[in-house]
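# Commentary on secondary and tertiary structure
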Amino acid sequence: MMDSAQTDEPPWMSRLHPRCLSRSGHRLNPAYVTGSDVPTTDLQPHQQTAPHKAGSISLCHAALLSPLGNLHETFARLCAGKGEPGRLEKPLLDILGQFIAEGPWQPDLLLLASTKGDGPCWIEDCLAEGKGRGGPGWLVEQLTKGKDMHGLAVSMACASGPAAVAVAELAINQGAYQRVLVLGADRLCPMIEQGFADLQAIDPRGAHPFDADRRGLSLGETAAALWFSCAGDGPIFLQGWGASCDANHLTGPHRQGKGLLQACRDALGADGAQCLDAVISHGTGTRYNDESEALAYAQICPEALITGWKGALGHSLGACGVSELALGWLALQRQLLPGIIGLLQPGVSPALHLLPAGGHAQTLRRLLSANAGFGGLNAAVCIGQEARALRPPKSSASTRLIWACRLGVDGIELEVSGQQCQHWPWSQLNVEPAALPRLTARQVCGETDPSWGRMDQASRLAVSLLALARRQGGLAAPPAESAMILLSDRGCAESDRAVELARQQGRSEPQRFAYTLPSTPLGELSIRAGLIGPAFCLPGAKDGDGRELAAWLLQRGAPLVLVLRIEADQPPHCAWMEAYGS
């Protein structure tokens, strides 16, 4: 069965070997097979311009809306040591549309950082039409409709914000775009609130980040916007980003903060913690998250001030990273840093400079903002007053599709560069034919796995694509630093529907709740394959968007990029993986 984005192929697809072009029977679609070099300058749908040579990207404007007010009002309340999480009164589309209208210019790329999008709308749609209404991809489609701008959703759990900024940097540094708007927004719903409660992650007293008596997080809603430009005229500059996977646990952080530490190191770049004045922490108030964060900061920037604002704003899911960067943008200009509301008695093992509640006049030249999410997904961004040269693209001008694996109704198809396409019918693996069979660990890996049954179908397919490609094709394991990109229109709808129905029936599904995130298949894949590189989930994106991002990541130095599309919830079903190298 063909994938859902046949009209979005770059021009190099027409130059494939004729044997790859058959769309009949079990032959692979040309979107999945080629052994030839793929020029990155041909990638579509966006016209490449000259690479950004100045090496500086301006964060020229920021906006925020929280229950405490707009950006300036929220900042003032935080500096006064006041604040309480709450809900936004206006619909998300209205808020985000207002950000676009009030910006300094219309962007040519819009990126929405969001975990669930408009949660109540999405859940209602999951139980009814199933058209994706309310999800991050749908929101982007509505925001860009009738406008001369391209749009992408970036959904990386609570690390969505810095992950979206990473895509903005790649887009500008590669010369594909000049003006990028990063939005962050999530609207809470009862399913999300119940899910965190079932995990015993909520503190009814409110969050107390890094406090000795911290007991959990507090949920809240915020929406924010960041305008990035290649003009390089400030007032604040993007100085670097990093992203990584823990490859450790689906709902808990690495106990020593290993993945977050790597993301922060990459964001700080060659200068390291030199001139780093403060860290805007993720600071959820959960016991293990705060401790693992503290251990990471103690290793990389023990002298920096540590702050965090979820004690006042609550945890706003995918919006939190964008909101915190907007406040950091203002802090750098005002030379004033709000402290940690809810911190009474420091309670983490390393000795850090935890900033108490209130406004603190500081010499601020450079800030690091870090976030972590379910699945062991981490991302960090560094901003500062000085323009700094970002990592230049590699000189290589081509990207190579090394292999492609596809699961279909007839079985498995594998194309390896320069080799004949191979096909294995499901009967060889004792699998009943189906559009997307629910494979067992024994069928995929040749052995039983007691944790296999917990995975939803999307995660199971992501793990199976790589495992079957390796087992059936004799392929080597991808390098640990490989990057991953997940494309899907419906994503985690299967799990959302099941968890919401259980909630309505008075049942809890704590183990299943982690699978209500679009990015969870990446977390499972990283854990089971030991992948610790950057990861990106792009709900609603076209195939060409994923391949373009893959080319950018290879140009940045990724040893390999795995691009996946999984549509497991509704027809047309598909599951494929492509491995790209330079």
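Look above for the structure.
In this text the structure is predicted, and so the values were computed from the model without any measurement.

The rules behind each value
Residues numbered from 1 in each chain as written. Predicted model: local features only at pLDDT ≥ 70, side-chain atom pairs only at ≥ 80, totals over all residues. Heavy atoms only, no water. Helix = DSSP H or I, 4+ residues; strand = E, 2+ residues; numbered from the N terminus. Buried < 20%, exposed > 50% of the residue type's maximum accessible area, 1.4 Å probe, protein only. Contact = heavy atoms within 4.5 Å. Areas by Shrake-Rupley, 256 points an atom, 1.4 Å probe, with all protein chains shown as cover. Lys, Arg positive; Asp, Glu negative; His and termini not counted. Charge placed at Lys NZ, Arg CZ, Asp CG, Glu CD. Expected span 1.5 Å × (residues − 1). Salt bridge = Lys/Arg side-chain N within 4 Å of Asp/Glu carboxyl O. Disulfide = S-S within 2.5 Å.

This part is about the overall build of the protein. Each helix and strand counted, the protein has 16 helices and 22 strands in total. Oriented by its inertia axes, the alpha-carbon framework of the protein measures out at about 65 × 55 × 45 Å. Residues counted as buried form 62% of the 582 residues belonging to the protein. The contacts of the protein with a sequence gap of at least 6 include a subset with a gap of at least 24, amounting to 77%. If you sum the accessible surface of the protein, you get close to 20300 Å²; carbon and sulfur atoms cover 49% of it. Counting 48 positive and 56 negative side-chain charges, the protein places the centres of these two groups 3 Å from one another.

A rise of 1.5 Å per residue sets the reference length of helix α5 (residues 160-173), with its 14 residues, at 20 Å; its end C-alpha atoms lie 20 Å apart and thus fit the reference within 8%. Among the 14 residues of α5, 14 are classified as buried, and the element is accordingly described as predominantly covered. Looking one or two residues past α5, G175 carries a phi angle of roughly 80 degrees, positive in sign.

Turning to the pattern of salt bridges, a few remarks are in order. As enumerated under the stated definition, the model contains 23 salt bridges in all. In this structure, the salt-bridge partner of E193 is R87, at a minimum N-O distance of 2.3 Å. Remark: R87 occurs in the loop between α1 (71-79) and α2 (92-102) and E193 occurs in helix α6 (residues 190-198); sequence separation between them is 106 residues. Taking relative accessible area as the criterion, E193 reaches 29% and is therefore assigned partly exposed. With relative accessibility at 39%, the residue R87 sits in the partly exposed group. Between E509 and R507 there is a salt bridge, with its nearest N and O atoms 3.3 Å apart. Taking the relative accessible area as the measure of exposure, E509 reaches 21% and is therefore partly exposed. Taken together, the shared-partner salt bridges connect D125, R490, R497 and D569 into one network.

This paragraph deals with the state of the cysteines. Every disulfide links exactly two cysteines, by a covalent bond between their sulfur atoms. As enumerated under the stated definition, the model contains 0 disulfides in all. You can see C158 has no disulfide; the closest cysteine sulfur is in C320, sitting 5.7 Å from it. With no disulfide partner, C405 has as its closest neighbouring cysteine sulfur the one in C421, 9.8 Å distant.

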